[in-house]
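The chain contents come next:
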Amino acid sequence: MSHAAPLPYHPSTVWVIVADGSQAQGYLRVPASDIIRGATHQPEETLTWALQPLDDFHLEAERIKAYDTGTDARGTVCESSGNLRHLSEPHVDLRRKLKADLAAHVAERLNRARAQDQFDGLVIVAPSTWLGDLRPHLNPSVRDAVVIELTKDYADLPLHELTERLRDIFPTRHIEV
């Protein structure tokens, strides 16, 4: 169970971004009555809110295999004069770069959505290193909309478990703004 403090204020349209280095999924916090009934999981306490996946906000980092990263063998470099060859270390950690690229892509999507007033409040749930990659790319208006950053890796959780873990962040009663 999360021990995060509740939202300091109650924006009307809240997006929740759940990410790790390989994927990011956006959700819209909606009144529970907006979600189709018949879910197989019922929490002990009835929540008045639910998370609805944003169809156009599921991003994945480019996938790589170990042999593509150069971890199994170093690259061969030929000297410009003569036939000498030697091994060289890669200049970039490809896995790290792909995580940073995903963060930049997510920030670009958030910046565009905020400019179009698609959300008032933003909750970001991600590991701290990925948050560090994301922050420099966020526009000031998006940074101002961030109400909570939760440094957890919940990206692989099923929706009902994610909802359960975030229950302390959102109030259990519906508050109009």
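What counts, and at which threshold
Residues numbered from 1 in each chain as written. Predicted model: local features only at pLDDT ≥ 70, side-chain atom pairs only at ≥ 80, totals over all residues. Heavy atoms only, no water. Buried < 20%, exposed > 50% of the residue type's maximum accessible area, 1.4 Å probe, protein only. Helix = DSSP H or I, 4+ residues; strand = E, 2+ residues; numbered from the N terminus. Pairing = 2+ DSSP bridges. Phe/Tyr/Trp six-rings, centres within 6.5 Å; stacked < 30°, edge-to-face > 60°. Axes fitted to C-alpha atoms, helices over the stretch in contact; angles between N-to-C directions. Salt bridge = Lys/Arg side-chain N within 4 Å of Asp/Glu carboxyl O.

What follows concerns the pairing of strand β2 (residues 23–31). β2 sits mainly inside the fold: seven of its nine residues count as buried. Inspection of the sheet shows strand β1 (residues 14–19) paired to β2 by five bridges, in the antiparallel sense. Residue pairing across strands places W15 opposite L28, the latter belonging to β2. A loop of three residues connects β1 with β2, the two strands running antiparallel in sequence. Across eight bridges, the pairing between β2 and strand β3 (residues 49–60) is antiparallel. Bridge pairing in β3 places P31 opposite W49.

Time to look at the packing of aromatic side chains. Summed over the entire model, instances satisfying the criterion amount to two aromatic pairs. Geometrically, the ring pair formed by W15 and F57 is edge-to-face, given 5.8 Å between the ring centres and 80° between the ring planes. Of this pair, W15 sits in strand β1 while F57 sits in strand β3, and the two are 42 residues apart along the sequence. Taken as a pair, W15 and F57 share a single burial class, namely buried. Relative to F119, the ring of W15 lies with its centre 4.9 Å away and its plane at 35°, an arrangement referred to as tilted. Of the two residues, W15 is situated in strand β1 and F119 in the loop between α1 (94–115) and β6 (121–125); the sequence distance between them amounts to 104 residues.

Sheet strands line up and pair through hydrogen bonds in the backbone, either parallel or antiparallel. One open sheet accounts for five strands, arranged β3-β2-β1-β6-β7; its pairing is mixed. One side of each edge strand has no neighbouring strand; the edge strands of this open sheet are β3 and β7 (146–150). When strand polarity is set aside, the average angle formed by the axes of neighbouring strands in this sheet is 20°. One ladder, built from four bridges, connects β6 with β7; its direction is parallel. Each residue of the ladder has a partner; that of L122, found in β7, is V146.

Here we take up the pattern of salt bridges. Counted according to the given criterion, the structure contains seven salt bridges. A salt bridge links E108 to R112, with the shortest nitrogen-to-oxygen separation between them at 3.4 Å. Of the two residues, E108 and R112 are both situated in helix α1; the distance of four residues between them amounts to about one turn of the helix. Look at R112 and you get partly exposed, because its relative accessible area is 42%. Residue R135 is joined to E149 by a salt bridge in which the shortest nitrogen-to-oxygen separation is 2.7 Å. Of this pair, R135 sits in the loop between α2 (128–134) and α3 (140–145) while E149 sits in strand β7, and the two are 14 residues apart along the sequence. Using a relative accessible area of 36% as the deciding quantity, one classes R135 as partly exposed. A relative accessible area of 33% places E149 in the partly exposed class.

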